[in-house]
Each structure stands twice: as C-alpha cells, then as structure tokens.
Amino acid sequence: MINSFFTQIVMTVIAIGVLFFYVHPTFTNIGKIQESVVLYQGEIEKVTDVNKKLANLTQILDEIQYKDILSLNTYLPDSVDHMAVSADILNMAVESDVFLESIKSNEGVSSALPTESTVKHIFVLGITGTYINIKSFLSRLEENNYPLEAHDFTISASETDLMKANLNVVTYSFNNSI
Amino acid sequence: MSEPTNTSFIPKRNPSHKDNRPVRRKIYVGTIIIRILFFAAVVAAGGVYAYERQLNSNLDSEILTLNTSISDFKEDDLLKVLAFDARISEVGYRLEHTASLVSLLEVVEGLTVDVVQITQLTVERTDDKNFTIEADLKTPSFDIALFQRQILEETDALQVSLISDLNLQNTPPEDPLFRSGESLADEVSLSFKAALTVDVGKVPHTAGASGSPVSPSINQTNRAGSPEELSTIDERPTLGGEVLEENVNPNEI
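Cut-offs and rules
Residues numbered from 1 in each chain as written. Chains lettered and ligands numbered in written order. Predicted model: local features only at pLDDT ≥ 70, side-chain atom pairs only at ≥ 80, totals over all residues. Core = buried A, V, L, I, M, F, W, Y, C linked by C-beta atoms within 7 Å. Buried ≥ 20, exposed ≤ 12 C-beta atoms within 10 Å, placed from the backbone. Helix = DSSP H or I, 4+ residues; strand = E, 2+ residues; numbered from the N terminus. Contact = placed C-beta atoms within 7 Å. Nonpolar A, V, L, I, M, F, W, Y, C, P; charged D, E, K, R; others polar. Pairing = 2+ DSSP bridges. pLDDT = per-residue confidence, 0-100. Axes fitted to C-alpha atoms, helices over the stretch in contact; angles between N-to-C directions. Parallel < 35°, antiparallel > 145°, perpendicular 65-115°, else oblique. Left-handed = near helix turned anticlockwise from the far one by under 90°.

We now examine the nonpolar core. Of all hydrophobic cores here, the largest spans 54 residues; its most connected members are I134(A), F137(A), V169(A), L101(B), L104(B), I133(B) and V198(B). For this core, the leading source of residues is helix α3 (residues 101-110) of chain B, giving 6 residues. With sequence-adjacent residues up to four places away left out, I133(B) is seen in contact with V108(B), L121(B), V123(B), L196(B) and V198(B).

The next point concerns the interface of chain B and chain A. Between chain B and chain A, the residue contacts involve 60 residues of the former and 60 residues of the latter. Mapped by element, the contributors of at least two residues to the side of chain B that touches chain A are α1 (29-72), α2 (75-96), α3 and β1 (117-125) of chain B. For the side of chain B that touches chain A, the element with the highest residue contribution is α1(B), accounting for 23 residues. Among the residues making up the side of chain B that touches chain A, the classes are represented as 33 nonpolar, 15 polar and 12 charged. With 5 bridges connecting them, strand β3 (residues 149-156) of chain A and β1(B) associate as antiparallel partners.

All names here are of chain B. Across chain B, the average pLDDT comes to 72, with 63% of residues at 70 or higher. For chain B, the element scoring lowest by mean pLDDT is helix α5 (residues 216-219), at 33; α1 scores highest, at 93. Taken as a whole, residues 208-253 scores under 50 in pLDDT and shows 84 contacts with residues more than four places along the chain or in a different chain. Reported for the predicted complex are a pTM of 0.67 and an ipTM of 0.81.

Positionally, Y172(A) belongs in strand β4 (residues 163-174). For Y172(A), a count of 23 C-beta atoms within 10 Å gives the class buried. C-alpha of Y172(A) to C-alpha of E149(A): the two residues are 23 residues apart in sequence and 9.5 Å apart in space. Y172(A) has contacts with L76(A), T118(A), V119(A), K120(A), H121(A), P147(A) and R94(B), leaving out every residue within four places of it along the chain.

Right, let's talk about the environment of K138(B) for a bit. Residue and element names in this part refer to chain B. Residue placement: K138 occurs in strand β2 (residues 130-139). Classification of K138 as buried rests on a count of 21 C-beta atoms within 10 Å. Counting along the chain gives 52 residues from K138 to L190, while the straight-line C-alpha distance between them is 5.6 Å. Setting aside chain neighbours within four positions, we find K138 in contact with V116, Q117, T119, S189 and S191.

With that settled, consider the packing of helix α1 (residues 5-63) of chain A against α1(B). Where α1(A) contacts α1(B), the axes come no closer than 7 Å and their chain directions differ by 20°. As judged from the angle between their axes, α1(A) and α1(B) are roughly parallel. Seen along the crossing, α1(A) lies across α1(B) with a hand that is left-handed. Each residue belonging to the contact of α1(A) with α1(B) can be placed in one class, and the counts come to 29 nonpolar, 14 polar and 4 charged.

Moving on to unusual backbone geometry. Despite not being glycine, D97(A) shows a phi value in the positive range, around 60°. With 13 C-beta atoms packed within 10 Å, D97(A) lands in the partly exposed category.

Residues and elements named next belong to chain A. In terms of strand pairing, strand β2 (residues 118-129) meets β4 through 12 bridges, oriented antiparallel. Paired with G126 across the strands is N166, a residue of β4. The pairing of β3 with β4 spans 7 bridges and is classified as antiparallel. The residue bridging T154 from the neighbouring strand is N166, located in β4. Adjacent in sequence and paired antiparallel, β3 and β4 are bridged by 6 residues.

Below, the structure written as structure tokens:
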C-alpha cells in the first residue's frame, strides 16, 4: 500500500509543501530573529556602557569637594545679585581710593538666547581717581572670585592728577537650559 | 495417424504444482528518495520549530534584559552631570578668554614714548578674542610722532590698524610764546589718533597682574629705554600728566 504510486505522490507533495510553506519561511524568520537577538545584544551593551559611564561620572561628581563646587558656583552662579555685585564694586573702589561716581546695572534687561549657556550682566561705572589708583581698582576687579571684566573702558586726561574713567563691567550667570 | 503428445524437450510445468521460489522484492530509487525527502521534511519542520521557539525565548530574554538596563538608567543623574559639565565648560571658556586690562595698560605704557602724551584712551572688548584701542596721542614734534608710530608698528603685542586725524597746532605769531623757545618743538603740538588691536592671548590675566613685568615682546621693540623704566612710569600718571623728555632721541632711529 505504502509503495503505491498515489502514496508516493502524496508524500512528495507533503514533503515539498512542508519545505516550502513551513520550513523555508520559518528558516527566514529564524534569520530575522537572530538578527534581532544580535541587535538587542548590541543595544544592551551600549545601554550598559552608558550606565557604567554615567555611574562613573556621578561618582566623580560626588567626589568633588564641596568648597570646589562652591567656588565654581561663585564664579558662574545661576543668578547674579546686582545689588551685591554693586556693593562689591563700591568696596573695591573704596579700597583703591577711587571715587565711584555712578554705577548702573542692567538688571531685567540682560537676556540670553536659548542656545547660550551664559547671561551677561553689565554694570556701567563712572570713576574718578589718579591713574595709579584706577589701575589698582582695575586690578582688584580682575582678582575677584567671580569675573568682572572691563569691556568698554575710556579714560581721559585732565589738568589735574585726577582722571575720569568710564567703563562697562561685565559679569556672567549660568543659563541652565538643560 | 495419431501424433505423440509429449514430444517437446521443454519441460512442462505442472499447473497444479505451485512455484515456491521466493519473489524478489523490487526496490525503486525514486521511492527511496521520496521517503528520504518526506522524512527529511518532517525532521526539518520539527527542527526549525524547536529552534525558532528557542530563539524566540532568547529574544524575549534579551528584550527583558534591555528593558531592565534601560530602567536602570538614571535620567536625573544624567541631567546633573550634563549641567555640571556645561558649567565647567563655560567656566573653562571664560577663563581661557580672560584678559587683563591692567596688563593691556602696561603694554600701552611700555610702548609709549615718554614725551608722548595720551590725552584719551578708549579700550573696547569687541569680542572674546580681541581688544580694540583708540588712543589720542599728543607729541611735540613730527620726529617724535614718527618715532612713536614706528614703535607701534614694530611691536608684536599690538597691531596698528589705523593712524588718523593728524592735527598740527603751532603757536600763533601774536602769541608771546611765538619763537620764544630755543627750538621749533617748543611751540608745535601735534596730535593724532591710533587705532590698535590686541589679541587677548597677549594680555592674559595672571594673579597680581598689576606691576608684573610686561610681556617679552615689548622688550624687543626699539623703544629708547629699558622695560625696567615701566616701574618709574607707574610712579607718575602717564595719561595726561606732565611729561619730561628723557631717554628719547628720535634722531637715533
């Protein structure tokens, strides 16, 4: 019976059907699954690496001494207290024996583009003093704990030893847009 | 006449006698191939089914691992690190582009001939990399003006971009001082503007910049007078102060 021609035809059809309609597509699917497994393994490796790096960086960040972070935040704070900065400038002027005629800040005017990570704060000063004292005042500005950059400086000679200088002092705050 | 009935030499088979010889079974190659094909197809189907299941299980396991790794990621920590990094980078940039106005003034002092007066000095920081300086200079003679210009042009610290607004003022004849001096230089006043550019890298800020030695490039200029004289210049105001002609001999250029 099994050797009958009809049986052999049926067996052949079944075999070919299984091969073409199950084994071949399944085999193709297996290839795709293997690719997916490899892809996922690669992604797992990447995510693990990122996690490790982040853990290392977080550890480094945690190990930074508090006073250093404080210095950093003083140098580039999140916001600038214009009154405190003005008071500092006045103290420097007094210490340098320079007469601080005027000081104007641009509080509320300064703005930064979203892409910029710092905000400029400008203080417009008018000072009077001897050349040496004005230089001393500028030196004190430069040796501050936070930047006080003299950007537009004009000094004019006069008949006396006293000179008049106008300058824009610029300091920065950090624009944390992250 | 009757013929003999059993005369053939070919043995006759007895119809009642059954042939007991074994029948040879026929095996066809095609049948074998079909059977092999059939069983191979069945085995292959079972194999790929099992393998697919195993792979699917592995894939599920990998997806689970990936999801676990992703859930382990701490976004807050990342934001904290990024914010710190951005702040550090910005501070680094600011420190890198820090320049000292005091150093710049000392450079200008060092490049100014003693008999030349700077009546007005404007320093503008145009960007993070450059200063532009506009100086109104007053000299008693053309020789000194030429000498001053030569010093400015030859220095490495500053870059002269423009010298303009040349203005000569002579003592009028009705003035009692007219030709009262020994030389023409006593009566002539010459003023001009010099526009200069300075790279902030040449005037970096260092702690205690005030009174610090001027950069070596200034020492290489042909200025009559040594850099050590800068300290004596600091003793009196250079800008607008009364100046004494000393150590300057323009004729030696």
